[in-house]
Amino acid sequence: MNNFTYSIPTTIHFGTDQLSHLSELKNSGSKVLLVYGGGSIKRSGLYDDVMKVLTENGMQVTELSGVEPNPRIESVRRGVELCHANGIEMVLAVGGGSSIDCAKVVAAGACYDGDAWDLVLDRSKIQRALPVYAVLTLSATGSEMDEFAVISDLQKNEKWGTGSQHIKPVMSVLNPEYTFTVSPRQTSAGTADIMSHTLENYFTPVKGAYLQARMCEAVLKTLVHYGPIALREPDNYEARANLMWAGSLAINGLLSDGADVSWCVHPMEHELSAFYDITHGEGLAILTPCWMEFALNAETAWRFGEYGRNVFGLTGEDDMEVGRRAIECTRAFFKEMKLPATLGEVGIDETHFEVMAEKAAKGSVGSFVPLSKDDIVSIYKAAL
Ligand code: NZQ
Ligand code: ZN
């Protein structure tokens with residue numbers, strides 16, 4: 001196991017009736033920028049509930065609305081301007097990963113003397129940020145409890161992740177009931193995203209990180225069990241609660257610290273989103289089995305064998321054979337979740353494979369199995 005420093009400063013208020021904890025925002029001042037997406041929180045009534053608590057606590061609210069899925073740098077810039085114009089002291093995101101990611105970079109951008117895109121390209125430039133708070137409405141990214149934010153500049157076909165201790169949320173409210181209204185499509189995409197975060201951590205060559213691997217398997221089993229239930233029964237609290245907590249734990253360092261390895265399916269997917277603005281989790285579901293087929297070999301089979309036995313309950317002595325069947329189980333799970341299986345289904349053809357693969361190869365240096373640009377092109381082709 002590698003050395004690590006584990007620090008999660010985010011306070012989580014999990015469960016029903018937790019919104020009153022927004023009173024804690026008073027610790028950061030009184031002027032808050034409320035960041036949200038295209039209107040789901042207004043339709044669900046959450047917006048009114050949030051505003052009620054904020055005004056009852058004497059907060060002055062400025063709004064940044066309309067944050068796009070795959071949040072754009074233009075929204076971040078708008079948010080930074082609002083911060084400067086209104087003397088904003090903290091940022092509160094209410095929504096999914098896109099709203100939270102946007103809020104994080106707005107919070108850093110408000111404390112940075114330059115264009116916020118600099119902070120996306122170079123995380124070391126994030127030296128300070130306004131305090132970030134979140135109310136989560138979609139189980140997927142783990143942004144509510146991690147240090148990352150992913151922002152796109154679609155005019156340049158660029159989508160990059162940045163990260164800093166300074167943008168970890170101070171406090172997040174996680175009420176599984178808020179996810180009852182998430183569409184079947186986003187429920188599936190979110191589950192695939194959590195699964196991919198866990199798999200990116202699981203497929204590590206670091207020796208001796210036994211505990212991390214077993215915790216990954218627990219998260220994976222939770223997703224395989226509860227994903228289909230949430231799809232069938234959107235208001236099943238138990239399913240939504242398990243998915244929600246799995247989403248936070250998958251990427252907050254618990255599964256990766258001590259076993260760190262570069263991620264590779266995410267860089268490949270971020271290129272798809274950058275060029276085609278597709279839903280992140282759907283891209284991951286398409287690429288993951290194809291990457292697994294590429295990665296399974298005599299040296300890596302041990303981990304695929306563990307995956308098959310411990311997550312899907314497969315039996316057999318031969319790791320390669322169990323590994324192959326585990327990949328089929330992964331495909332079958334995504335199919336059960338009604339996720340797309342090919343790039344063609346989400347409108348992607350070979351046009352940009354070369355340039356996407358070149359960028360993705362740079363982003364995945366040091367991953368579980370080395371990936372050259374040509375390897376990534378072959379994975380994209382297998383996904384067609
Ligand atoms: O915009 P609104 O109207 O709120 O609707 C959203 C959006 O259309 C809707 N939605 C969210 N909560 C809902 C709901 N609809 C009904 N009821 C609710 N309770 O769902 C749609 C998708 O929302 P979005 O926030 O875009 O989804 P997600 O949470 O999957 O976030 C995706 C973004 O996060 C990035 C992705 O790349 C993508 O840009 N990621 C962020 C990470 C991080 N910060 O650590 C890591 C991830 O790997 C990922 O890259
Ligand atoms: Zn992801």
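Our subject is the structure listed above.
Anyway, here's the lowdown on the structure attached to this text.

Conventions we followed
- Residues numbered from 1 in each chain as written.
- Chains lettered and ligands numbered in written order.
- Predicted model: local features only at pLDDT ≥ 70, side-chain atom pairs only at ≥ 80, totals over all residues.
- Heavy atoms only, no water.
- Pairing = 2+ DSSP bridges.
- Helix = DSSP H or I, 4+ residues; strand = E, 2+ residues; numbered from the N terminus.
- Axes fitted to C-alpha atoms, helices over the stretch in contact; angles between N-to-C directions.
- Contact = heavy atoms within 4.5 Å.
- Buried < 20%, exposed > 50% of the residue type's maximum accessible area, 1.4 Å probe, protein only.
- Salt bridge = Lys/Arg side-chain N within 4 Å of Asp/Glu carboxyl O.
- Patch = residues over 30% accessible without salt bridge, like charges linked within 9 Å, V, L, I, M, F, W, Y side chains within 5 Å.
- Areas by Shrake-Rupley, 256 points an atom, 1.4 Å probe, with all protein chains shown as cover.
- Near = heavy atom within 4 Å.
- Polar contact = N/O pair within 3.5 Å; in protein donor to acceptor, adjacent residues only side chain to side chain.
- Nonpolar A, V, L, I, M, F, W, Y, C, P; charged D, E, K, R; others polar.
- 1 Å grid on protein atoms, 1.4 Å probe; cavity = no way out; pocket = protein on both sides within 12 Å on 5 of 7 lines; lining within 4 Å.
- Points joined across faces, edges and corners; volume = space filled by probe spheres on them.

## Some remarks on the sheet that holds strand E3 (residues 60-64)
Pairing in this open sheet of 6 strands is parallel, and the strands run E1-E8-E5-E4-E2-E3 from one edge to the other. Each of the sheet's edge strands pairs with one partner strand only, and the pair in question is strand E1 (11-14) and E3. Averaged over all pairs of adjacent strands, the angle between strand axes in this sheet comes to 20°, irrespective of strand direction. Sheet topology places strand E2 (residues 31-36) next to strand E4 (residues 90-95); 5 bridges connect them, and they run parallel. Bridged to Val32 within E4 is Met90. Across the sheet, helix H3 (residues 73-86) lies against E2 and E3, angled at about 155° from E3, the strand it touches most. Taken strand by strand, helix H8 (residues 237-249) contacts E1, strand E5 (132-136) and strand E8 (171-174), and its axis lies near 170° from that of E1.

## As for helix H13 (residues 353-363)
Taken together, the buried positions of H13 are occupied by Phe353, Met356, Ala357, Lys359, Ala360 and Ala361. At its buried positions, H13 is contacted by strand E7 (158-163), helix H9 (265-276) and helix H14 (373-382).

## Describing the pattern of salt bridges
Where charged atoms of side chains with opposite charge meet at close range, the side chains can pair. In this structure the tally under the stated criterion is 17 salt bridges. For the salt bridge of Arg331 with Glu328, the shortest nitrogen-to-oxygen distance reads 3.9 Å. In this pair, Arg331 and Glu328 both sit in helix H12 (residues 319-336), 3 residues apart, roughly one turn of the helix. Across the pair Lys373 and Glu354 runs a salt bridge whose closest N-O atoms are separated by 2.7 Å. Of the two residues, Lys373 is situated in helix H14 and Glu354 in helix H13; the sequence distance between them amounts to 19 residues. The exposure class assigned to Lys373 is partly exposed, which follows from its relative accessible area of 27%. Linked through salt bridges whose partners overlap, the residues forming this network are Arg214, Glu217, Arg303 and Glu306.

## Some details on a nonpolar patch on the surface
Among the surface-exposed residues, Met1, Phe4 and Tyr6 lie close enough to one another that they form a single nonpolar patch of about 320 Å² accessible area. Counting through the fold element by element, Tyr6 comes out in the segment before E1.

## Remarks on unusual backbone geometry
Backbone geometry at Asp17 places phi at a positive 55°, although glycine is not the residue there. Locating Asp17 in the fold gives a position in the loop between E1 and E2. The phi dihedral of Lys338 is positive, around 60°, even though this residue is not glycine. As for its position among the elements, Lys338 is in the loop between H12 and H13. On the basis of relative accessible area, Lys338 is assigned to the exposed category, the value being 71%.

## Notes on the environment of Ala189
Note that Ala189 resides in helix H6 (residues 184-202). Since its relative accessible area comes to 3%, Ala189 is described here as buried. Separated by 148 residues in the primary sequence, Ala189 and Met337 place their C-alpha atoms 8.6 Å from one another. Ignoring sequence-local partners within four residues, the contact set of Ala189 consists of Thr279, Gly281, Glu282 and Leu339.

## A closer look at the site of ligand 1
The full set close to ligand 1 counts 30 residues, and Ser40, Gly97, Ser98, Asp146 and Lys159 are the nearest of them. In this structure, Ser40 approaches ligand 1 through a side-chain N or O atom, which is 2.7 Å from an oxygen atom. Taking Thr137, its side chain carries an N or O atom lying 2.8 Å from a nitrogen atom of ligand 1. The fraction of the free accessible surface of ligand 1 (960 Å²) that becomes covered by protein chains is 89%. Secondary structure elements with two or more residues in the shell around ligand 1: helix H4 (97-109), strand E6 (148-153), H6 and H9. The class makeup of the residues in the shell around ligand 1 is 9 nonpolar, 17 polar and 4 charged.

## Details of empty space enclosed by the protein
This model, assessed by the stated rule, comprises 2 cavities of 30 Å³ or more. Size it by volume and the largest cavity reaches roughly 80 Å³. Lining the largest cavity are Leu138, Ser139, Thr179, Val182, Thr187, Gly190, Thr191, Ile194, Arg240 and Leu243. If you list the elements that add at least two residues to the lining of the largest cavity, you get H6 and H8. Partitioning the lining of the largest cavity into residue classes produces 4 nonpolar, 5 polar and 1 charged. As a volume, the second largest cavity reaches approximately 50 Å³. Forming the walls of the second largest cavity are Ser196, Leu199, Glu200, Phe203, Val265, Thr288 and Trp291. Those elements giving two or more residues to the lining of the second largest cavity turn out to be H6 and helix H10 (280-295). In terms of residue count, the dominant contributor to the lining of the second largest cavity is H6 (3 residues). For the lining of the second largest cavity, a count of residues per class yields 4 nonpolar, 2 polar and 1 charged.

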